[in-house]
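Reading the structure
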There are 2 protein chains.
Amino acid sequence: MTATLRLGIAGLGTVGVGVVKIVRKQAALLAQRTGRDITISAVSARNATKDRGINLSGYDWEADPVALAQRDDVDVFVELMGGTDGPAKDATEAALAAGKDVVTANKAMLAIHGRDLAEQAESAGRVIRFEAAVAGGIPVIKTVTEGLAANEITRVMGVMNGTCNYILTRMESAGLPYEKVFEEADDLGYLEADPTLDVGGIDAGHKLALLSAIGFGTVPDFDGIEIEGIERITIEDIRQAADMGYRIKLLGVAQLTGRGLEQRMQPCLVPASSPLGQLEGGTNMVVIEGDSVQQIVLRGPGAGEGPTASAVMADVCDLARGIRIPTFGQPVSTLRTAPSASSVLPAPYYLRMALVDKPGALAKIASILGASGISIDRMRQYGHSEPAAPVLIVTHRTTRAPLDEAIAAMQSTDVLAATPVALRIENL
Amino acid sequence: MTATLRLGIAGLGTVGVGVVKIVRKQAALLAQRTGRDITISAVSARNATKDRGINLSGYDWEADPVALAQRDDVDVFVELMGGTDGPAKDATEAALAAGKDVVTANKAMLAIHGRDLAEQAESAGRVIRFEAAVAGGIPVIKTVTEGLAANEITRVMGVMNGTCNYILTRMESAGLPYEKVFEEADDLGYLEADPTLDVGGIDAGHKLALLSAIGFGTVPDFDGIEIEGIERITIEDIRQAADMGYRIKLLGVAQLTGRGLEQRMQPCLVPASSPLGQLEGGTNMVVIEGDSVQQIVLRGPGAGEGPTASAVMADVCDLARGIRIPTFGQPVSTLRTAPSASSVLPAPYYLRMALVDKPGALAKIASILGASGISIDRMRQYGHSEPAAPVLIVTHRTTRAPLDEAIAAMQSTDVLAATPVALRIENL
């Protein structure tokens, strides 16, 4: 048994409390497995007096997370505050500068500042571990960087925002409109303080940026992701998709090809019978494809106290065991930058439009698609009571550019009653 | 870049050839990720002249794997020969004694001799890694021992023999009898030299013993597993199960409770809509449940050159990176032994019988079940052309002991035309 590993925990929300619980409940197990005692020296949180359901009086409190990160009795700084910049980043930098390893669940900070922070860690001879930042309890970072280390990763895909998946599956099962389920999710506490992070696809985009980086050995490139949220998905879209054998998922896809780094996070139609299509509620799924391993699928809880704390503590156990690999699985100097090529791979698309009720409207739409080189696989126009007629089109394979061009051309006509919705169909 | 990591590979079958290919093809990637060059110093195989489709002339050949394991220019001994005892074990022991780490895909050797070998490794300050021994390309050993290290593992389950799953799903999709599909699998090279290892559930049992050990921190206990093979499953069983919404899978289940260590590897009925029920062909799936993480499901190819070599090389990368955790995730001295409690958890059962065509036959069977305290949920007797009448019974929850007692009692009557088949129903 070597020296005790001493933690300083900044942020005592759901995940922080979960970490404290595991350190206490599983002390014997952790010592047996890692060969070291794991203890908590000090904690930090905005509100020191709030009742969190656990007794925290045994730990020193630091008002300032930077001071916590610099304490002599802290070996590993556990950053669970969140936020791209501000206290989380300040304290992470302070921890690295003070020679501490860092464990964080902060996908936003790493997706944006990951390269710089990894470089600081390397200069300091320290590491940043972030298993909890992607797909909650699923050990996907470890799977990609270590379990599949001998593979050239060819593609990563995933449903990685439990809130969006909850909303989409709940709309379908309860037959409720988006707005109603959004309210429900809010009442249940499923939404981030800024809900656009969830429903706008930003949070899932941060996760995809990190997965891409470790998978392809590229600098995290959040700005290169084509991101669309789920806000415009209607119950009608979900029903129509179901009719065609599909379900709508906020799906992330990343691949590195000769054209560059393709990264998309957007609602897609996926086959209802596929593993991704069957995913219910807050569960996450990540699919990893490599040249030797072919395809590995991981499924598990994407959020919540226990699962996320399990991931944080897996990183802590690694550090206790002396497992210290570079932040993104390889030295920062070897990370590549690749041009963004997010929309070059063709796919069929689902298009929903509302046409004003006048002769020739449908013909106008069809001829615009034809002029953009997009051929129609299926089309349906519905009987309607509203002034506008719902029209659904499934195209043959096309890329996004001509489709966007066609949609712009449609919008400059007088036949649309609303902005069309275009969803990629991923036949996994 | 620190010193080169030099491999000695014993066994050049499918997996060995796959490992050689990865070492060559991904040399740059492996160096980038691990910080070290990984090379092959020497190889060993029974037949040195066979054409394996790759040029092996650059490596020294050793006729004796023990000599290979002891070479000064070998840092890691890669054991891919297989077999519980004999050359594989001799060479593994020789490697450890000579101060080499060992990477192996040998589930049989570790399921039987794992404790002793792990002890030898610890005494020598070395480790044995065996990612490829369980579930092919799926990094399940790493997931359990590292990714879920902060969890008390409560249950592990899995479909871990691709050949059995191929046979069962092919019987269903093609409507072919067991014997016919068995022959097909043999022609395709899917079967072990001794096919009982596959279809008798032995191979999957070895894997379950290893999963239990790392999950629960127990000494591998292969003998404590209740094992049944798939040899007696008929196309009728598969059809009947499908009628009831189930599919038949060779399922391993292990849990450690107050009663002891429960380990079963047997054909079961699982819900057709569950992830395990949907598993097709040679794919493997492992389900891991822990107190914090809840449930993680891993799916991937269970065999084959690329996937298995990917797992072997993941272990090699770990060693190159200096990741060295104890063989079973914790020191051998801390591994517990638990009494075997394989059949204590009650479940409903599916029973298939062939009754001779005489009055009162069904009544006799029903009263025997009643006398053993087993109540019947559903029963069907089919019209038939053969002399014996097929009868299917689904029981309410019962344990195995009274069921075996009832089956023995039935067999001592004169109403059975064949030995009954009893399959556990797992409502996952």
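An unreviewed UniProt entry lists chain A under the name Homoserine dehydrogenase, with Sedimentitalea arenosa as the source organism.

Residues and elements named next belong to chain B. Counted by the stated rule, this structure contains 64 salt bridges over all chains. Close ionic contact of Arg155 with Glu289 constitutes a salt bridge, the shortest N to O distance being 3.0 Å. With Arg155 in strand β7 (residues 153-159) and Glu289 in strand β11 (residues 283-290), the pair connects residues that are 134 residues apart, well separated along the chain. For Glu289, a relative accessible area of 15% corresponds to the buried category. With its nearest N and O atoms 3.4 Å apart, the salt bridge here joins Arg239 to Glu236.

On to the UniProt feature "domain: ACT" (unreviewed entry) in chain A. The UniProt record marks residues 350-428 of chain A with the feature "domain: ACT" (unreviewed entry), using the residue numbering of this structure. Between the C-alpha atoms that bound residues 350-428 of chain A the distance is 16 Å, and the span itself is 29% helix and 33% strand.

This next bit is on the relation of the copies chain B and chain A. If you rotate chain B by 180 degrees and push it 0.0 Å along the axis, it lands on chain A with an RMSD of 0.0 Å. The symmetry that links the two subunits is that of a two-fold axis. In terms of proximity to the rotation axis, the leading residue of chain B is Leu298 of chain B, whose C-alpha is 2.4 Å off the axis.

Residue placement: Gly360 of chain B occurs in the loop between β13 (349-356) and α13 (361-371). Taking C-alpha positions, Gly360 of chain B is 58 Å from Ala118 of chain B, a pair spaced 242 residues apart along the chain.

This part covers the interface of chain B and chain A. The interface of chain B with chain A comprises 48 residues on the first partner and 48 residues on the second. A buried area of about 4100 Å², summed over both sides, lies between chain B and chain A, and 50% of it is on carbon and sulfur atoms. When the buried surface of chain B facing chain A is broken down by residue, Arg33, Ala150 and Arg299 of chain B rank first, second and third, together holding 17% of it. Taken together, the connections running from chain B to chain A amount to four salt bridges. The partner of Glu146 of chain A in a salt bridge is Lys142 of chain B, and the shortest N-O contact between them spans 2.7 Å.

For the rest of this paragraph, the subject is the nonpolar core. Counting 158 residues, the largest nonpolar core has Val140 of chain A together with Val140 of chain B as its most contacted members. Residues contacting Val140 of chain B, with those up to four places away along its chain left out, are Glu131, Val134, Ala135, Leu211, Val286, Ile288 and Leu298 of chain B.

The grouping of Glu179, Glu183, Asp186 and Asp187 of chain A at the surface amounts to a negative patch. You can see Glu183 of chain A is positioned in helix α8 (residues 178-187).

Here we take up the sheet that holds strand β3 (residues 60-61) of chain B. Residues and elements named next belong to chain B. Pairing is parallel in the open sheet, where six strands are placed in the order β3-β2-β1-β4-β5-β6. A single partner strand is all that each edge strand has here, and the edge strands are β3 and β6 (128-129). Inspection of the sheet shows strand β1 (residues 5-10) paired to strand β4 (residues 76-79) by four bridges, in the parallel sense. Note on β4: the bridge partner recorded for Leu7 is Val76. Contacting β1 and β2 (38-44), helix α1 (residues 14-25) crosses the sheet at an angle of about 155 degrees to β2. This element, helix α12 (residues 305-320), spans β1, β2, β4, β5 (101-104) and β6 of the sheet and lies at about 160 degrees to β5.

With that settled, the discussion passes to the domain arrangement of chain A. All names here are of chain A. Once the domains are mapped, chain A shows domain 1 (5-133), domain 2 (140-301) and domain 3 (349-425). Each of domain 2 and domain 3 was reduced to a C-alpha centroid, and the two centroids are 26 Å apart. On the domain 3 side, the residues contacting the 18 residues of domain 2 number 15 residues. Roughly 1400 Å² of surface becomes buried between domain 2 and domain 3 when both sides are summed, with 52% attributable to carbon and sulfur atoms. For the domain 2 face of the interface with domain 3, the top three residues by lost area are Arg232, Met244 and Leu269, together amounting to 38%. At the surface where domain 2 touches domain 3, the tally comes to three salt bridges. With a shortest N-O distance of 2.3 Å, Asp237 and Arg352 are connected by a salt bridge. Put simply, domain 2 and domain 3 have eight residue pairs in polar contact (both at pLDDT 80 or more) between them. For the side of domain 2 that touches domain 3, the elements supplying multiple residues, two or more each, are α11 (235-243), β9 (246-257) and β10 (260-271). Residue contributions to the side of domain 2 that touches domain 3 peak at six residues, all from β10.

Moving on: the pairing of strand β15 (residues 388-395) of chain A. Residues and elements named next belong to chain A. Buried residues dominate β15, accounting for seven of its eight residues. In the sheet, strand β13 (residues 349-356) pairs with β15 via seven bridges, with the strands oriented antiparallel. Among the inter-strand pairings, Arg352 is bridged to a residue of β15, identified as Leu392. Note: strand β14 (residues 376-381) against β15, five bridges, orientation antiparallel. Of the residues in β15, the one forming a bridge with Arg378 is Val394. What sits between β14 and β15 in their antiparallel hairpin is a turn of six residues.

Given two aromatic rings, their pairing is described by the distance between the two centres and the angle made by the two planes. Inspection of the entire model under this criterion finds six aromatic pairs over all chains. Seen in terms of ring centroids, Tyr166 of chain A and Tyr190 of chain A are 4.9 Å apart; in terms of plane orientation they differ by 85 degrees. Their pairing is edge-to-face. Of this pair, Tyr166 of chain A sits in helix α7 (residues 162-174) while Tyr190 of chain A sits in the loop between α8 and α9 (196-199); the two residues are 24 residues apart in sequence, bridging distant segments of the chain. Residue classification places Tyr166 of chain A among the buried positions, given a relative accessible area of 14%. Judged by its relative accessible area of 39%, Tyr190 of chain A falls in the partly exposed class. A ring pair is formed by Tyr178 of chain B and Phe182 of chain B, whose centres lie 6.0 Å apart and whose planes are at 35 degrees; its orientation type is tilted. Of this pair, Tyr178 of chain B and Phe182 of chain B are both found in helix α8 (residues 178-187), four residues apart, which corresponds to roughly one turn of the helix. Residue classification places Tyr178 of chain B among the buried residues on the basis of a relative accessible area of 8%. On the accessibility criterion, Phe182 of chain B (21% relative accessible area) is partly exposed.

Each value, and the rule that gives it
Residues numbered from 1 in each chain as written. Chains lettered and ligands numbered in written order. Predicted model: local features only at pLDDT ≥ 70, side-chain atom pairs only at ≥ 80, totals over all residues. Heavy atoms only, no water. Salt bridge = Lys/Arg side-chain N within 4 Å of Asp/Glu carboxyl O. Helix = DSSP H or I, 4+ residues; strand = E, 2+ residues; numbered from the N terminus. Buried < 20%, exposed > 50% of the residue type's maximum accessible area, 1.4 Å probe, protein only. UniProt positions renumbered as here; feature names shortened; annotations may be inferred. Least-squares fit on C-alpha atoms with pLDDT ≥ 70 in both. Contact = heavy atoms within 4.5 Å. Buried area = accessible area lost by both parts, 1.4 Å probe. Core = buried A, V, L, I, M, F, W, Y, C linked by side-chain atoms within 4.5 Å. Patch = residues over 30% accessible without salt bridge, like charges linked within 9 Å, V, L, I, M, F, W, Y side chains within 5 Å. Areas by Shrake-Rupley, 256 points an atom, 1.4 Å probe, with all protein chains shown as cover. Lys, Arg positive; Asp, Glu negative; His and termini not counted. Charge placed at Lys NZ, Arg CZ, Asp CG, Glu CD. Pairing = 2+ DSSP bridges. Axes fitted to C-alpha atoms, helices over the stretch in contact; angles between N-to-C directions. Domains from an automatic or database assignment. Polar contact = N/O pair within 3.5 Å; in protein donor to acceptor, adjacent residues only side chain to side chain. Phe/Tyr/Trp six-rings, centres within 6.5 Å; stacked < 30°, edge-to-face > 60°.

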